[in-house]
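Below are the chains, spelled out letter by letter.
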Amino acid sequence: MKESVVDSLATALGKLPGIGKKTALRLAFALVDNRQLASDLSTVLAETAAGVRECVLCRNLTDGEVCETCLDRSRQNTICVVHTPADQRSMEDTGLYRGYYFVLHGSLAPLDGTGPSDLGIPLLVERATSINAREVILALDSTTEGEATCAYIANQLESRNIKVTQLARGLPPGALVEFADSLTLSQALKGRRGY
Ligand SMILES: [Zn+2]
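Quick caveat, the model's predicted, so the values are computed rather than measured.

**Student:** Tell me about the overall build of the protein chain, and name the residues and values.
**Tutor:** When helices and strands are counted, the protein chain shows 8 helices and 6 strands. Mapped from its N terminus to its C terminus, the protein chain presents α and β elements in the order α-α-α-β-β-α-β-α-β-α-β-α-β-α. Over its C-alpha trace the protein chain gives a radius of gyration of 21 Å, far above what one expects of a compact globule, namely 16 Å for 195 residues. Counting only C-alpha atoms, the protein chain reaches 60 × 45 × 35 Å along its principal axes. Looking at the protein chain residue by residue over its 195 residues, the buried ones come to 33%. In the protein chain, the proportion of contacts linking residues at least 24 apart, taken out of those at least 6 apart, comes to 48%. Roughly 12900 Å² of accessible area belongs to the protein chain as shown, and the carbon and sulfur atoms make up 56% of that amount. Treating the 20 positive side-chain charges of the protein chain as one cloud and the 23 negative ones as another, the clouds have centres 3 Å apart.

Okay, structure coming up:
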């Protein structure tokens, strides 16, 4: 039997992160109920599919060749390196950082065949050198892959005399030492500061 429109819609929606089967079906029924919303969404989705690409300087998503952030000359001469465009948004939303960004779109994973050039690391090095970056801040996930990626990038940049820093690591607020895993604890120990 041919899949119904609602089912194929639910299948497509279910591929989005954080959307389970039930939610996907609920959203699909909501869209079938609200034709105007479905139509508006389809327009935006078509524009997204056709127009969004990676900025040639920072690899963040943009609809032009160079993104708004890279074009903003009032920004500080620093680069914040993140895994994903969503991470970039989170950093920007803190309101505390006013420099440039670089989006890797992943982590180093040699076993899966993801190497430095897949993450645009040569482009990052080129960018940091060309703007003579005062500092490159690594805002990467505190996971084994994230740490390996940080170490690789730091090595590449420091050998060119560019200052590299990393987001503070360690125990999150409210964490109990007894239950912290060894990676978190070792990072907390390394990152200890004066009291
Ligand atoms: Zn850009």
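**Student:** Lay out unusual backbone geometry in plain terms, naming residues and giving numbers.
**Tutor:** Located in the positive-phi region is H105, a residue other than glycine, with phi close to 60°. Tracing the sequence through the fold places H105 in the loop between β4 (100-103) and α6 (121-130). Non-glycine residue N161 carries a positive phi angle of around 60°. Among the structural elements, N161 can be located in the loop between α7 (144-158) and β6 (164-166).

**Student:** Please give an account of the coordination of the zinc ion that cites residues and values.
**Tutor:** Coordination of the zinc ion by the protein involves C55 (SG), C58 (SG), C67 (SG) and C70 (SG), with metal-donor separations of 2.3 Å. Coordination at the zinc ion is tetrahedral: its 4 donor atoms span angles of 105 to 118° at the metal. Overall, C70 belongs to the buried group, its relative accessible area being 8%.

**Student:** Got a sec to walk through the side chain of N60? Specific residues and values, please.
**Tutor:** Turning to its location among the elements, N60 is positioned in the loop between β1 (53-54) and β2 (61-62). In this structure N60 touches R53, E54, C55, P85, Q88 and V103, once residues within four positions along its chain are discounted.

**Student:** Can you explain the confidence of the model for the protein chain? Please cite residues and give values.
**Tutor:** For the protein chain, the average pLDDT comes to 92, and 99% of its residues sit at 70 or higher. Mean pLDDT across the elements of the protein chain ranges from a minimum in helix α8 (residues 182-190), with 85, to a maximum in β4, with 98.

**Student:** Break down the domain arrangement of the protein chain for me, citing the residues and quoting the values.
**Tutor:** The figure often quoted for interface size is the accessible area lost as the parts come together. In terms of domains, the protein chain is made up of domain 1 (5-51) and domain 2 (54-166). Taking only C-alpha atoms into account, the centre of domain 1 sits 32 Å from that of domain 2.

**Student:** Which residues make up α7, and what values go with them?
**Tutor:** End to end, α7 covers 21 Å across 15 residues, agreeing with the expected 21 Å (1.5 Å per residue, within 8%). Considered for burial, the residues of α7 that qualify are G146, T149, C150, I153, A154, Q156 and L157. One face of α7 carries all of its buried residues, which in axial projection span an arc of 165°. Every exposed residue of α7 that faces more than 90 degrees away from the buried side is listed here: T144 and N155. Packing partners of the buried residues in α7 comprise β3 (78-82), α6, β5 (135-138) and β6.

**Student:** If you had to explain the sheet that holds β3 to someone new, which residues and values would you point to?
**Tutor:** One key point about sheets: their strands pair by backbone hydrogen bonds, in either a parallel or an antiparallel sense. A sheet is described by the order of its strands in space; here 4 strands give the open sequence β4-β3-β5-β6, paired in parallel fashion. Sheet topology places β4 and β6 at the edges, where each strand pairs with a single neighbour. Along the sheet, successive strands turn relative to each other by an average axial angle of 25°, direction set aside. By the bridge criterion, 4 bridges tie β3 to β5 in an arrangement that is parallel. Counterpart to I79 in the pairing with β5 is V136.

**Student:** Outline the pairing of β4, supporting the account with residue identities and numerical values.
**Tutor:** Across the two faces of β4 the burial is the same, with Y100 and F102 and Y101 and V103 all buried. Pairing of β3 with β4 involves 4 bridges; the strand directions are parallel. Its bridge partner lying in β4, I79 is registered against Y100. Running through helix α5 (residues 85-93), the crossover from β3 to the neighbouring parallel element β4 is right-handed.

Parameters and conventions
- Residues numbered from 1 in each chain as written.
- Predicted model: local features only at pLDDT ≥ 70, side-chain atom pairs only at ≥ 80, totals over all residues.
- Heavy atoms only, no water.
- Helix = DSSP H or I, 4+ residues; strand = E, 2+ residues; numbered from the N terminus.
- Rg over C-alpha atoms; globule rule 2.2 N^0.38 Å.
- Buried < 20%, exposed > 50% of the residue type's maximum accessible area, 1.4 Å probe, protein only.
- Contact = heavy atoms within 4.5 Å.
- Areas by Shrake-Rupley, 256 points an atom, 1.4 Å probe, with all protein chains shown as cover.
- Lys, Arg positive; Asp, Glu negative; His and termini not counted.
- Charge placed at Lys NZ, Arg CZ, Asp CG, Glu CD.
- Donors = N, O, S within 2.8 Å, 3.2 Å for Na, K, Ca; no water.
- Tetrahedral: all angles 85-135°; square planar, octahedral: opposite > 155°, others 65-115°.
- pLDDT = per-residue confidence, 0-100.
- Domains from an automatic or database assignment.
- Expected span 1.5 Å × (residues − 1).
- Arc of directions from axis to C-beta.
- Pairing = 2+ DSSP bridges.
- Axes fitted to C-alpha atoms, helices over the stretch in contact; angles between N-to-C directions.
- Right-handed = clockwise from strand over helix to strand, strands pointing away.

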